[in-house]
Amino acid sequence: QNLRVAVIGAGRMGIDHIQRIHRRIHGAEVAAVVDIDLDRANAAIADIPGAVALTDAQAALDNPDINAVLIATPGFLHEEILHAALVKDIPILCEKPLTPDAESAWKVVQAEEKLGRKRIQVGFMRRYDAEYAQLGNIIRSGELGELLVLHHQHRNPATPPGFTNEMLINDSVVHEFDAVRFFTGEEITSVQVRMGKRTRNAPEGQHDPQHVLLETESGVLADVEIYVNAQYGYEVATQASFEEGVVSIGSDSGPYVRTQGRWGGTVTPGFEERFGAAYDVEIQAWVDAALKDEIGGPSAWDGYATAACCEAGVEAQKTGGKVTVALNPKPALYN
Ligand code: ISE
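Conventions used here
- Residues numbered from 1 in each chain as written.
- Predicted model: local features only at pLDDT ≥ 70, side-chain atom pairs only at ≥ 80, totals over all residues.
- Buried ≥ 20, exposed ≤ 12 C-beta atoms within 10 Å, placed from the backbone.
- Helix = DSSP H or I, 4+ residues; strand = E, 2+ residues; numbered from the N terminus.
- Pairing = 2+ DSSP bridges.
- Right-handed = clockwise from strand over helix to strand, strands pointing away.
- Near = placed C-beta within 6 Å.
- Nonpolar A, V, L, I, M, F, W, Y, C, P; charged D, E, K, R; others polar.
- Core = buried A, V, L, I, M, F, W, Y, C linked by C-beta atoms within 7 Å.
- Domains from an automatic or database assignment.
- Contact = placed C-beta atoms within 7 Å.
- UniProt positions renumbered as here; feature names shortened; annotations may be inferred.

Student: Describe the pairing of strand β2 (residues 28-34), naming the residues involved and giving the relevant values.
Tutor: Of all seven residues that make up β2, six are buried, and the element is covered over most of its length. In terms of strand pairing, strand β1 (residues 3-8) meets β2 through six bridges, oriented parallel. Among the inter-strand pairings, L3 is bridged to a residue of β2, identified as A28. In this fold, β1 hands off to helix α1 (residues 12-23), which returns the chain to β2; that crossover is right-handed.

Student: I'd like to hear about the site of the ligand, residue by residue, with values.
Tutor: Around the ligand sit N156, D171, S172, H175, V228 and F271, and that is every residue in its neighbourhood. Partitioned by chemical class, the residues of the shell around the ligand number two nonpolar, three polar and one charged.

Student: An account of the nonpolar core is needed here, citing residue identities and associated values.
Tutor: With 93 residues, the main nonpolar core has V5, I8, V33, V191 and Y304 as its most contacted residues. Per-element tally for this core: the top contributor is helix α10 (residues 300-319), with 11 residues. No fewer than three residues from each of domain 1 (3-125 + 277-298) and domain 2 (153-269 + 305-334) sit in this core. Apart from residues lying up to four places away in sequence, I8 is in contact with V34, A57, A60, V69, I71, A72, T73 and I81.

Student: Before we move on, can you summarise the domain arrangement of the protein chain with the specific residues and values?
Tutor: According to the domain assignment, the protein chain consists of domain 1 (3-125 + 277-298) and domain 2 (153-269 + 305-334). In this structure, domain 1 and domain 2 have C-alpha centres spaced 25 Å apart. Domain 1 puts 15 residues into the contact, and the matching count from domain 2 is 13 residues. Grouping the amino acids of the side of domain 1 that touches domain 2 by side-chain chemistry returns nine nonpolar, two polar and four charged.

Student: Tell me about the UniProt feature "domain: Gfo/Idh/MocA-like oxidoreductase N-terminal" (unreviewed entry) in the protein chain, residues and numbers included.
Tutor: The residues that UniProt annotates with the feature "domain: Gfo/Idh/MocA-like oxidoreductase N-terminal" (unreviewed entry) are residues 3-124. Note that residues 3-124 is 41% helix and 21% strand, and that its end C-alpha atoms are spaced 21 Å apart.

Now the structure itself:
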């Protein structure tokens, strides 16, 4: 029997996932779409026969026809839905961030621990990107010696209305917090944020770009250029320095065209295109596991640990200093 998924939130990411499940994912179908705006929910299911549009997440969770939930609302709305879904003991795919702060994320971890088994996968899709996975393998194999430094560029063409200064950390750099943890297999111990010259393309109240500096338990250094009004397109790239070499991923990919006296290619316009394949692999992995009553991938612990980094990052934005990341002990469920 197919997974019958309720998608909560029919915004930019929700719609992308609805179409993905409907058109490309095997073993799952969209059974319900929930949005506070019923017109938006209805529009999202227009081409999906049998799906229902609702305005209340609890009503979807109470529907016996539904046996999995994908949460794609804005981050500050995740906590309540996560707890309600854990009560139902069904597989959950929660878009990042798990919740916006460490305390609420920890409550989710504790609720899952009480349940006694993992139910939540967090939407850190970069782990499913082919080049991310390859760099992870190079690091773990030790073939280039020890990893020493990670340089990240994270550029968006522009930000939607209401994208606050904190969101550069909580919605964008949260991906690098997870990536650094994924690559090193270590926790991040400190975060510092430097603000330099500000682009005229940044909206009122937002300082863009910012330079984020991180350290891990063993002393691996990482930096992130977060630049969310870069105009030219969407780019996420990493360069890793090892004892015996350097590895770059995520920059330009083909086709590489020479014509009319110039050479070049195209820059992806947004994360849907840049990470489209990764999202497909991510959601298929979630569905495959869920059909076996299992859950894999980035866990609620990863959601909590990155939320703690975000909290430190937002404090670091204000103080300019180096802020220590303090984590609660990791429950055995996540080892
Ligand atoms: C957005 O929410 C994402 O998750 C994207 O991956 C990220 O690049 C973007 O900056 C965020 O706003």
